[in-house]
Amino acid sequence: QVHLEESGGGLVQPGGSLRLSCEFSGTIFRIDFVGWYRQAPGKQRERVTASYSGSDTIYEESVKGRFTASRLKNAYKLQMSSLKPEDTAVYYCMLTCATSMDGRPYDFWGQGTQVTVSS
């Protein structure tokens, strides 16, 4: 099985920065997609970043210029700067991958990490 573990969340003041990490483990044959999502209380989950194989990362409009996603070894990073209160949410990493050569790809989710932006 594929396991994802997010870390790096916490409480920061508006304008501050956080760096989230999504670490992959398990048997991964091929990664087709990796992205960051977030969900605030009472709101729908929204996609923050999207990275398809062979393509540049796509960012949700509200985080453009402030968030930067990157891949480093077995971890997917999300550098967040100039944080705003509206960024407060549980952030989830999602990985679409195949676990064998002939297997179909599936979506795997982490448990999330809380990001709170408040004074």
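In what follows, the accompanying structure is described. One numbering rule holds for all chains: residues counted from 1, following each sequence as written. Note on the predicted model: pLDDT of at least 70 is required for a residue's local features to be given, and 80 or more for side-chain atom pairs to be given and counted; whole-chain, interface and lining totals, by contrast, use all residues. With hydrogens and water stripped out, all remaining heavy atoms of the structure feed into the side-chain values.

1. Structural notes on the nonpolar core
Then step 1. Grouped together as the largest cluster of nonpolar side chains are 27 residues, with contacts concentrated most on Trp-36, Phe-67, Met-80 and Tyr-91.
Then step 2. Only DSSP runs of H or I reaching four residues or more are called helices, and only runs of E reaching two or more are called strands; each is numbered from the N terminus. Breaking this core down by element, the ones donating at least two residues are strand 3 (18-25), strand 4 (30-39), strand 7 (67-72), strand 8 (75-80), strand 9 (89-98) and strand 11 (113-117).
Then step 3. Apart from residues no more than four positions distant in its own chain, Phe-67 is found in contact with Arg-38, Val-48, Tyr-59, Leu-78, Gln-79, Met-80, Ser-81, Leu-83, Asp-87 and Tyr-91. Definition used in this section: a nonpolar core is a set of buried Ala, Val, Leu, Ile, Met, Phe, Trp, Tyr and Cys residues joined via side-chain atoms within 4.5 Å. The buried label goes to any residue with under 20% of its type's maximum accessible area, the exposed label to any with over 50%, and the partly exposed label to all in between, with areas taken from a 1.4 Å probe on protein chains only. Residue contacts are counted whenever heavy atoms from the two residues lie within 4.5 Å of one another.

2. Structural notes on the state of the cysteines
Then step 1. Cysteine sulfur atoms are paired as a disulfide whenever they come within 2.5 Å of each other. Considering all chains together, one arrives at 1 disulfide under this definition.
Then step 2. Between the sulfur of Cys-22 and that of Cys-93 lies a disulfide, 2.2 Å long from S to S. With the S-S bond torsion at -85°, the cross-link from Cys-22 to Cys-93 turns out left-handed. In this pair, Cys-22 is assigned in strand 3 and Cys-93 in strand 9, connecting sequence segments 71 residues apart.

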